[in-house]
Amino acid sequence: MEFIDLGLIKHGEAEKIQLERLGKVMEGSAPEALFMLEHPPVVTLGRQGGIENLLISEDQLRSMGAEVVQTARGGNITCHYPGQLVVYPVMRIEKRPGGIKKFFYDMEETAIRTAAAFGVTAARSEGRPGVWVGPGKLCSIGIGVKKWITYHGLSFNVSSDMKLFDAITLCGLHGAHPTSLSKETGREIDIEEVKNVFKNEFRGIFKDSAVAAS
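Below, the structure is looked at part by part. Being a predicted model, the structure only gives us computed values, none of them experimental.

## Topic: the environment of His39
So, point 1. Position of His39 relative to the elements: it lies in the loop between strand S2 (33–38) and strand S3 (42–45).
So, point 2. Classification of His39 by relative accessible area gives buried; the value is 0%.
So, point 3. Look past the residues within four positions of His39 in its chain and what remains in contact with it is Leu8, Ile9, Lys10, His11, Ala14, His80, Tyr81, Pro82, Val86 and Tyr88.
So, point 4. In this structure the side chain of His39 is engaged in a polar contact, spanning 2.7 Å, whose partner is the backbone oxygen of Ile9.
So, point 5. At 2.9 Å, the side chain of His39 forms a polar contact with the side chain of Tyr88.

Here it is as C-alpha coordinates:
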(Lines give C-alpha, C1' and ligand atoms only; values in the text may rest on other atoms or scores of the structure.)
Protein backbone atom coordinates (compact mmCIF):
# COMPACT_ATOMS: atom_id res chain seq x y z
CA MET A 1 0.00 0.00 0.00
CA GLU A 2 1.13 3.53 -0.79
CA PHE A 3 0.67 6.29 1.82
CA ILE A 4 0.17 9.55 -0.06
CA ASP A 5 -0.08 13.02 1.49
CA LEU A 6 -2.04 15.34 -0.80
CA GLY A 7 -1.77 18.37 1.48
CA LEU A 8 -4.53 20.98 1.17
CA ILE A 9 -6.60 20.06 -1.87
CA LYS A 10 -10.08 20.85 -3.18
CA HIS A 11 -12.69 18.15 -2.70
CA GLY A 12 -13.28 17.65 -6.42
CA GLU A 13 -9.58 17.28 -7.18
CA ALA A 14 -9.13 14.74 -4.39
CA GLU A 15 -12.16 12.79 -5.60
CA LYS A 16 -10.71 12.66 -9.11
CA ILE A 17 -7.43 11.28 -7.73
CA GLN A 18 -9.33 8.69 -5.69
CA LEU A 19 -11.34 7.53 -8.69
CA GLU A 20 -8.25 7.30 -10.87
CA ARG A 21 -6.54 5.10 -8.27
CA LEU A 22 -9.75 3.10 -7.79
CA GLY A 23 -9.75 2.24 -11.50
CA LYS A 24 -6.09 1.28 -11.45
CA VAL A 25 -6.48 -0.91 -8.37
CA MET A 26 -9.49 -2.52 -10.01
CA GLU A 27 -7.47 -3.42 -13.13
CA GLY A 28 -4.38 -4.37 -11.12
CA SER A 29 -2.08 -1.69 -12.53
CA ALA A 30 -1.46 0.18 -9.24
CA PRO A 31 -1.22 -0.71 -5.54
CA GLU A 32 -3.78 0.18 -2.90
CA ALA A 33 -3.40 3.65 -1.43
CA LEU A 34 -4.16 5.65 1.70
CA PHE A 35 -4.59 9.33 0.87
CA MET A 36 -4.19 11.82 3.73
CA LEU A 37 -5.18 15.44 3.18
CA GLU A 38 -7.06 18.55 4.20
CA HIS A 39 -9.86 20.25 2.28
CA PRO A 40 -10.68 23.94 1.91
CA PRO A 41 -14.08 24.66 3.52
CA VAL A 42 -16.76 22.40 2.02
CA VAL A 43 -20.03 20.84 3.15
CA THR A 44 -20.57 17.36 1.74
CA LEU A 45 -23.75 15.31 1.41
CA GLY A 46 -23.78 11.51 1.55
CA ARG A 47 -25.97 8.98 -0.21
CA GLN A 48 -28.55 9.41 2.57
CA GLY A 49 -28.90 13.06 1.61
CA GLY A 50 -28.58 15.81 4.16
CA ILE A 51 -29.39 19.08 2.40
CA GLU A 52 -32.32 19.43 4.82
CA ASN A 53 -29.72 19.61 7.60
CA LEU A 54 -27.97 22.65 6.11
CA LEU A 55 -28.91 25.45 8.51
CA ILE A 56 -28.02 28.39 6.27
CA SER A 57 -28.57 29.13 2.58
CA GLU A 58 -26.06 28.01 0.01
CA ASP A 59 -25.47 31.69 -0.82
CA GLN A 60 -24.55 32.33 2.82
CA LEU A 61 -22.27 29.33 2.75
CA ARG A 62 -20.52 30.60 -0.37
CA SER A 63 -20.03 33.98 1.32
CA MET A 64 -18.07 32.05 3.98
CA GLY A 65 -15.82 30.64 1.25
CA ALA A 66 -17.43 27.20 1.32
CA GLU A 67 -19.50 25.13 -1.10
CA VAL A 68 -21.93 22.20 -1.01
CA VAL A 69 -20.94 18.97 -2.77
CA GLN A 70 -22.86 15.75 -3.33
CA THR A 71 -20.70 12.65 -2.82
CA ALA A 72 -20.97 8.89 -3.33
CA ARG A 73 -20.07 8.06 0.27
CA GLY A 74 -22.45 6.69 2.84
CA GLY A 75 -23.89 8.81 5.60
CA ASN A 76 -25.50 12.23 5.82
CA ILE A 77 -24.17 15.79 5.94
CA THR A 78 -20.77 16.79 7.29
CA CYS A 79 -18.12 19.41 6.62
CA HIS A 80 -14.40 19.63 5.93
CA TYR A 81 -11.96 22.48 6.46
CA PRO A 82 -8.25 23.16 7.01
CA GLY A 83 -7.23 21.70 10.35
CA GLN A 84 -9.28 18.54 9.87
CA LEU A 85 -7.49 15.36 8.78
CA VAL A 86 -9.29 13.61 5.92
CA VAL A 87 -8.30 10.03 5.08
CA TYR A 88 -9.33 8.21 1.90
CA PRO A 89 -8.30 4.52 1.70
CA VAL A 90 -8.54 2.83 -1.69
CA MET A 91 -8.40 -0.81 -0.62
CA ARG A 92 -9.54 -4.25 -1.68
CA ILE A 93 -11.72 -5.81 1.00
CA GLU A 94 -13.26 -8.83 -0.72
CA LYS A 95 -10.89 -11.22 1.10
CA ARG A 96 -10.80 -9.43 4.45
CA PRO A 97 -12.68 -11.29 7.21
CA GLY A 98 -15.83 -9.41 8.10
CA GLY A 99 -16.01 -7.51 4.83
CA ILE A 100 -17.35 -3.95 4.84
CA LYS A 101 -18.54 -4.09 8.45
CA LYS A 102 -15.08 -5.07 9.75
CA PHE A 103 -13.40 -2.50 7.51
CA PHE A 104 -15.64 0.20 8.99
CA TYR A 105 -14.88 -1.07 12.50
CA ASP A 106 -11.13 -1.03 11.85
CA MET A 107 -11.27 2.53 10.52
CA GLU A 108 -13.03 3.58 13.73
CA GLU A 109 -10.42 1.68 15.74
CA THR A 110 -7.61 3.51 13.96
CA ALA A 111 -9.17 6.84 14.94
CA ILE A 112 -9.72 5.68 18.54
CA ARG A 113 -6.08 4.62 18.92
CA THR A 114 -4.86 7.83 17.28
CA ALA A 115 -6.84 9.85 19.82
CA ALA A 116 -5.42 7.71 22.64
CA ALA A 117 -1.88 8.54 21.52
CA PHE A 118 -2.68 12.18 22.41
CA GLY A 119 -4.23 11.28 25.76
CA VAL A 120 -7.85 11.50 24.55
CA THR A 121 -10.24 8.65 25.37
CA ALA A 122 -12.54 8.20 22.37
CA ALA A 123 -15.08 5.45 21.70
CA ARG A 124 -17.89 4.20 19.51
CA SER A 125 -21.47 5.18 20.35
CA GLU A 126 -24.24 2.63 19.84
CA GLY A 127 -26.42 3.58 16.88
CA ARG A 128 -24.26 6.58 15.97
CA PRO A 129 -21.47 5.88 13.46
CA GLY A 130 -18.09 7.46 13.91
CA VAL A 131 -15.91 8.12 16.95
CA TRP A 132 -17.00 10.14 19.98
CA VAL A 133 -15.59 11.73 23.11
CA GLY A 134 -18.62 11.73 25.38
CA PRO A 135 -21.33 13.66 23.49
CA GLY A 136 -18.81 15.25 21.13
CA LYS A 137 -18.14 13.78 17.70
CA LEU A 138 -14.43 13.57 16.99
CA CYS A 139 -14.46 11.61 13.74
CA SER A 140 -17.03 11.03 10.99
CA ILE A 141 -16.89 8.04 8.66
CA GLY A 142 -18.57 7.55 5.30
CA ILE A 143 -17.27 5.12 2.70
CA GLY A 144 -18.03 4.11 -0.84
CA VAL A 145 -17.39 0.65 -2.25
CA LYS A 146 -17.11 -0.37 -5.89
CA LYS A 147 -16.40 -3.98 -6.85
CA TRP A 148 -15.17 -4.61 -3.30
CA ILE A 149 -12.71 -1.71 -3.39
CA THR A 150 -13.21 1.13 -0.92
CA TYR A 151 -12.97 4.86 -1.45
CA HIS A 152 -13.95 7.96 0.53
CA GLY A 153 -13.26 7.36 4.23
CA LEU A 154 -13.13 9.49 7.37
CA SER A 155 -12.63 13.00 8.68
CA PHE A 156 -10.84 13.51 12.00
CA ASN A 157 -11.16 16.88 13.75
CA VAL A 158 -7.79 18.19 14.88
CA SER A 159 -7.94 22.00 15.06
CA SER A 160 -9.99 23.83 17.70
CA ASP A 161 -11.51 26.02 14.94
CA MET A 162 -14.70 24.14 14.03
CA LYS A 163 -16.99 27.08 13.21
CA LEU A 164 -18.07 25.60 9.85
CA PHE A 165 -20.04 22.99 11.80
CA ASP A 166 -22.36 25.82 12.91
CA ALA A 167 -23.80 25.72 9.38
CA ILE A 168 -25.13 22.16 9.68
CA THR A 169 -26.92 19.67 11.90
CA LEU A 170 -23.95 17.35 12.27
CA CYS A 171 -24.60 14.09 10.39
CA GLY A 172 -28.33 14.84 10.76
CA LEU A 173 -28.11 13.98 14.47
CA HIS A 174 -30.00 16.56 16.52
CA GLY A 175 -28.14 17.40 19.70
CA ALA A 176 -24.79 16.18 18.36
CA HIS A 177 -21.90 18.60 18.39
CA PRO A 178 -18.31 18.39 17.15
CA THR A 179 -15.18 18.12 19.20
CA SER A 180 -11.50 17.91 18.25
CA LEU A 181 -8.14 16.74 19.52
CA SER A 182 -7.11 20.33 20.20
CA LYS A 183 -10.30 21.07 22.13
CA GLU A 184 -10.04 17.90 24.19
CA THR A 185 -6.36 18.37 25.05
CA GLY A 186 -6.57 22.11 25.62
CA ARG A 187 -3.73 22.83 23.20
CA GLU A 188 -3.39 23.17 19.45
CA ILE A 189 -2.27 19.86 17.97
CA ASP A 190 -0.06 19.80 14.86
CA ILE A 191 -1.96 18.00 12.10
CA GLU A 192 1.30 16.64 10.68
CA GLU A 193 1.88 14.83 13.95
CA VAL A 194 -1.63 13.39 13.77
CA LYS A 195 -1.01 12.17 10.23
CA ASN A 196 2.08 10.26 11.35
CA VAL A 197 0.30 8.67 14.30
CA PHE A 198 -2.74 7.76 12.22
CA LYS A 199 -0.56 6.18 9.52
CA ASN A 200 1.28 4.03 12.06
CA GLU A 201 -1.94 2.94 13.80
CA PHE A 202 -3.51 2.14 10.43
CA ARG A 203 -0.53 0.00 9.46
CA GLY A 204 -0.74 -1.93 12.72
CA ILE A 205 -4.48 -2.58 12.61
CA PHE A 206 -4.71 -3.48 8.96
CA LYS A 207 -1.52 -5.55 9.02
CA ASP A 208 -3.04 -7.62 11.82
CA SER A 209 -6.19 -8.06 9.70
CA ALA A 210 -4.09 -9.14 6.70
CA VAL A 211 -2.27 -11.72 8.82
CA ALA A 212 -5.59 -13.04 10.12
CA ALA A 213 -6.84 -13.41 6.54
CA SER A 214 -3.76 -15.31 5.32
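Picking up after the structure, the text goes on.
## Details of the environment of Ile51
So, point 1. Turning to its location among the elements, Ile51 is positioned in the loop between S3 and helix H2 (58–63).
So, point 2. The spacing of Ile51 and Gly74 is 23 residues in sequence and 14 Å in space, taken between C-alpha atoms.
So, point 3. In this view, Ile51 contacts Leu45, Glu58 and Val68; residues no more than four positions away in its chain are not counted.

## Points about the sheet that holds S3
So, point 1. The strand order across the open sheet formed by three strands is S4-S3-S5, and the pairing between neighbours is mixed. With one partner strand each, in any of the chains shown, strand S4 (67–70) and strand S5 (78–80) form the two edges of the open sheet. Neighbouring strand axes in the sheet, compared pairwise and without regard to direction, differ in orientation by 30 degrees on average.
So, point 2. Judged from the four bridges that link them, S3 and S4 form a sheet pairing that is parallel. By the bridge assignment for S4, Val42 is matched with Glu67.

## Some details on the pairing of strand S10 (residues 149–157)
Walk down a regular strand and you will see the side chains alternate between the two sheet faces.
So, point 1. Counting buried residues in S10 gives nine out of nine residues, a clear majority hidden from the surface.
So, point 2. Pairing between strand S6 (residues 84–90) and S10: four bridges, direction antiparallel. Bridging from a neighbouring strand, Val87 pairs with Leu154 of S10.
So, point 3. As consecutive antiparallel partners, strand S9 (residues 136–146) and S10 are separated by two residues, and within that stretch Lys147 has a phi angle of approximately 50 degrees, a positive value.

## A short note on helix H3 (residues 99–117)
So, point 1. Relative to the 27 Å expected for 19 residues at 1.5 Å per residue, H3 spans 27 Å between its end C-alpha atoms, a close match to the ideal helical length.
So, point 2. If you check which residues of H3 are buried, you get Gly99, Phe103, Asp106, Met107, Glu108, Glu109, Thr110, Ala111, Ile112, Thr114 and Ala115.
So, point 3. Positive backbone phi, approximately 80 degrees, marks Gly119, located one or two places after H3.

Conventions adopted
- Residues numbered from 1 in each chain as written.
- Predicted model: local features only at pLDDT ≥ 70, side-chain atom pairs only at ≥ 80, totals over all residues.
- Heavy atoms only, no water.
- Helix = DSSP H or I, 4+ residues; strand = E, 2+ residues; numbered from the N terminus.
- Buried < 20%, exposed > 50% of the residue type's maximum accessible area, 1.4 Å probe, protein only.
- Contact = heavy atoms within 4.5 Å.
- Polar contact = N/O pair within 3.5 Å; in protein donor to acceptor, adjacent residues only side chain to side chain.
- Pairing = 2+ DSSP bridges.
- Axes fitted to C-alpha atoms, helices over the stretch in contact; angles between N-to-C directions.
- Expected span 1.5 Å × (residues − 1).

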